[in-house]
Amino acid sequence: MRGANPVRPQEGGDGQSLWIQEVFYTLQGEGPFVGEPSVFVRTGGCNLRCHWCDTDFESSPWRPPLDELLARIGELRPAVCDLIVLTGGEPLRQNVVPLIRALLERGLRVQIETNGTLWLDGMPDDPRLTIVCSPKTPGLHPDLVPRVSVYKYVLAAGESDPGDGLPTLSTQLPGQGARLFRPPPGAAVTVMPRDDGDAERNLANRQACTAVALAHGYRMSVQLHKLLGIA
Ligand SMILES: C[S@@+](CC[C@H](N)C(=O)[O-])C[C@H]1O[C@@H](n2cnc3c(N)ncnc32)[C@H](O)[C@@H]1O
Ligand SMILES: Nc1nc2[nH]cc(C(=O)O)c2c(=O)[nH]1
Ligand code: SF4
Ligand SMILES: [Mg+2]
C-alpha cells in the first residue's frame, strides 16, 4: 500500500475464521510457479509497511469462517487447477495453519508468499507446501528460514550491493540504508524488478535486475500478471 498501511501485529486465534482481502483465480505471476493457474487467497493486514508495496490489503471487511472460505475457493477453482497461493498482506500474520491443512487434505498444493518475519506453530511439513520468502528486513524468523524454498528479492536500479547484487536500502524507511537478510549458501535466489508505478523507472529496474541476475546467477522473475493485465 505504498507505505500507507497500518502496521498490525501477528494475531493469535484458532484460525477458524480469517480476515480476507480477496480470493481470485489467475495465473501465478511471480516466482517458481510463474504462469501456473492458481487460486489466490489474499489475507488482510500486514506487520510491515514497505514504502513501495503494490498491494491493497486493508479495504475488505470480509472475515469468513473457514468452511465459507474453503467453499469460495472451491467455487473459483476449476479441476485443471490444483495450486492455492496464500498471500496478503502478510499471510503468516494470522493462523492460516488450519486453512493450509484443509487444502492439503483436499489433495491441493499450497504456496505461501511471505515477508519471512513470522512463523506459525504446527505448520505442516509437506512437500506440497512451498514457501517463497521475499525478504524485507535484516532478520527473518529463525524457524521459517529452513522451510524457505525460494528467496525472492525485489530490486530497484541503484539500490543493490555490488558484492552480491541484493538490496542495500530499507524497505520500511525510504532512502535509509539497510542490509536485508542474506540467504544461506546454496539457497535458491530469484530477483524481481520493483514496480515503481513509473514506466521510465520500471525500465531501469528491469535492466538493473537483469544485470544482477546475469552477474550472480540468480533466476529472474518479472510480474507476469502485470504484463498480461490480469489480477
Ligand atoms: C504484496 S506481497 C504479499 C506477501 C508478503 N507480504 C511479501 O511481502 O512477500 C507479494 C509480493 O509482491 C512483492 N511486491 C510488493 N510490492 C512490489 C512492487 N512495488 N514491485 C514488485 N514487487 C512487489 C513482494 O515483495 C512480494 O514478493
Ligand atoms: N497474478 C498474480 N500473481 C501474484 N504473485 C504474487 C502476488 C501477490 O500479490 O502476492 C500476485 C498477484 O497479486 N497476482
Ligand atoms: S510485507 Fe508484503 S504486503 Fe506487507 S507491506 Fe511489504 S510487500 Fe506489502
Ligand atoms: Mg500482487
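Residues numbered from 1 in each chain as written. Chains lettered and ligands numbered in written order. Predicted model: local features only at pLDDT ≥ 70, side-chain atom pairs only at ≥ 80, totals over all residues. Heavy atoms only, no water.

The protein chain carries the name 7-carboxy-7-deazaguanine synthase in an unreviewed UniProt entry, which gives Azospirillum argentinense as its organism. As stated in UniProt under Subunit (unreviewed entry), the record for the protein chain gives "Homodimer." According to the UniProt record, the Pathway (unreviewed entry) comment for the protein chain reads "Purine metabolism; 7-cyano-7-deazaguanine biosynthesis." (UniProt positions renumbered as here; feature names shortened; annotations may be inferred.)

Caption draft 1: Quick peek at the overall build of the protein chain. The helix and strand tally for the protein chain stands at four helices and eight strands. The order of α-helices and β-strands along the protein chain, N terminus first, is β-β-α-β-α-β-β-β-β-α-β-α. Against the compact-globule benchmark of 17 Å for 231 residues, the protein chain has a radius of gyration of 17 Å, which places it among compact chains. Counting only C-alpha atoms and orienting by the principal axes, one finds that the protein chain spans roughly 50 × 35 × 35 Å. Here the protein chain holds 231 residues, and 54% of them are scored as buried. Considering only residue pairs separated by 6 or more positions, the protein chain has 66% of its internal contacts joining residues 24 or more positions apart. Accessible area for the protein chain stands at about 10200 Å²; split by element, carbon and sulfur atoms hold 53% of it. (Helix = DSSP H or I, 4+ residues; strand = E, 2+ residues; numbered from the N terminus. Rg over C-alpha atoms; globule rule 2.2 N^0.38 Å. Buried < 20%, exposed > 50% of the residue type's maximum accessible area, 1.4 Å probe, protein only. Contact = heavy atoms within 4.5 Å. Areas by Shrake-Rupley, 256 points an atom, 1.4 Å probe, with all protein chains shown as cover.)

Caption draft 2: Structural detail: the site of ligand 3. Inspection of the region around ligand 3 gives Cys46, Leu48, Cys50, Cys53, Phe57, Gly89, Asn115 and Lys136 as its neighbouring residues. Within the shell around ligand 3, the residues separate by chemical class into five nonpolar, two polar and one charged. (Near = heavy atom within 4 Å. Nonpolar A, V, L, I, M, F, W, Y, C, P; charged D, E, K, R; others polar.)

Caption draft 3: Summary view of the sheet that holds strand 5 (residues 129-133). Taken together, the eight strands give an open sheet; going across it, the order is 1-2-3-4-5-6-7-8, and neighbouring strands pair in mixed fashion. The strands lining the two open edges of the sheet, one partner per strand, are strand 1 (20-27) and strand 8 (219-220). Sitting on the sheet, helix 2 (residues 97-105) is in contact with strand 3 (83-87), strand 4 (109-114) and strand 5, with an inclination near 150° to strand 4. Packing of helix 3 (residues 199-216) onto the sheet brings it into contact with strand 6 (150-155), strand 7 (189-193) and strand 8, and relative to strand 7 it is tilted by some 160°. (Pairing = 2+ DSSP bridges. Axes fitted to C-alpha atoms, helices over the stretch in contact; angles between N-to-C directions.)

Caption draft 4: Just the UniProt feature "binding site: [4Fe-4S] cluster" (unreviewed entry) in the protein chain, in detail. Taking the numbering used here, the UniProt-annotated feature "binding site: [4Fe-4S] cluster" (unreviewed entry) corresponds to Cys46, Cys50 and Cys53. In the annotated set above, the residues contributing to the lining of the largest pocket are Cys46, Cys50 and Cys53. Assignment of secondary structure puts Cys46 in the loop between strand 2 (37-43) and helix 1 (66-76). Cys46 gets classed as buried once you look at its relative accessible area, which sits at 9%. (1 Å grid on protein atoms, 1.4 Å probe; cavity = no way out; pocket = protein on both sides within 12 Å on 5 of 7 lines; lining within 4 Å.)

Caption draft 5: Spatial organisation of the nonpolar core. In terms of nonpolar packing, the biggest core is built from 45 residues, with Ile73, Leu86, Leu92, Leu99, Ile100 and Val191 touching the most fellow members. When residues of this core are assigned to their parent elements, the largest contribution, six residues, is made by helix 2. Among residues more than four places away in sequence, those in contact with Ile73 are Val23, Val39, Val41, Ile84, Leu99 and Leu103. (Core = buried A, V, L, I, M, F, W, Y, C linked by side-chain atoms within 4.5 Å.)

Caption draft 6: Inspection of the side chain of Glu90 at higher detail. Within the secondary structure layout, Glu90 lies in the loop between strand 3 and helix 2. Lys136 provides the closest opposite charge to the buried, salt-bridge-free Glu90, at an N-O distance of 6.9 Å. Polar side-chain contacts of Glu90 include one of 2.8 Å to the backbone nitrogen of Asn115. Setting aside residues no more than four positions away along its own chain, Glu90 makes contact with Thr43, Gly45, Cys46, Asn47, Glu113, Thr114, Asn115 and Leu118. (Lys, Arg positive; Asp, Glu negative; His and termini not counted. Salt bridge = Lys/Arg side-chain N within 4 Å of Asp/Glu carboxyl O. Polar contact = N/O pair within 3.5 Å; in protein donor to acceptor, adjacent residues only side chain to side chain.)

Caption draft 7: Seen up close, the packing of aromatic side chains. By the definition in use, this model includes two aromatic pairs. When the ring of Phe24 is compared with that of Phe40, the centres are 5.2 Å apart and the planes differ by 25°; the resulting orientation is stacked. Placement of Phe24 in strand 1 and of Phe40 in strand 2 is noted, with a sequence separation of 16 residues between them. For Phe40, a relative accessible area of 8% puts it in the buried group. Over the ring of Phe33 we find Arg109, and its NZ or CZ is 5.1 Å from the ring centre. (Phe/Tyr/Trp six-rings, centres within 6.5 Å; stacked < 30°, edge-to-face > 60°. Lys NZ or Arg CZ within 6 Å of the ring centre and 35° of its normal.)

Caption draft 8: Molecular detail of helix 1. Within helix 1, the full set of buried residues consists of Leu66, Leu69, Leu70 and Ile73. End-on, the buried residues of helix 1 take up no more than an arc of 100°, which puts them together on one face. Facing away from the buried surface of helix 1 by more than 90 degrees, the exposed residues are Asp67 and Glu75. (Arc of directions from axis to C-beta.)

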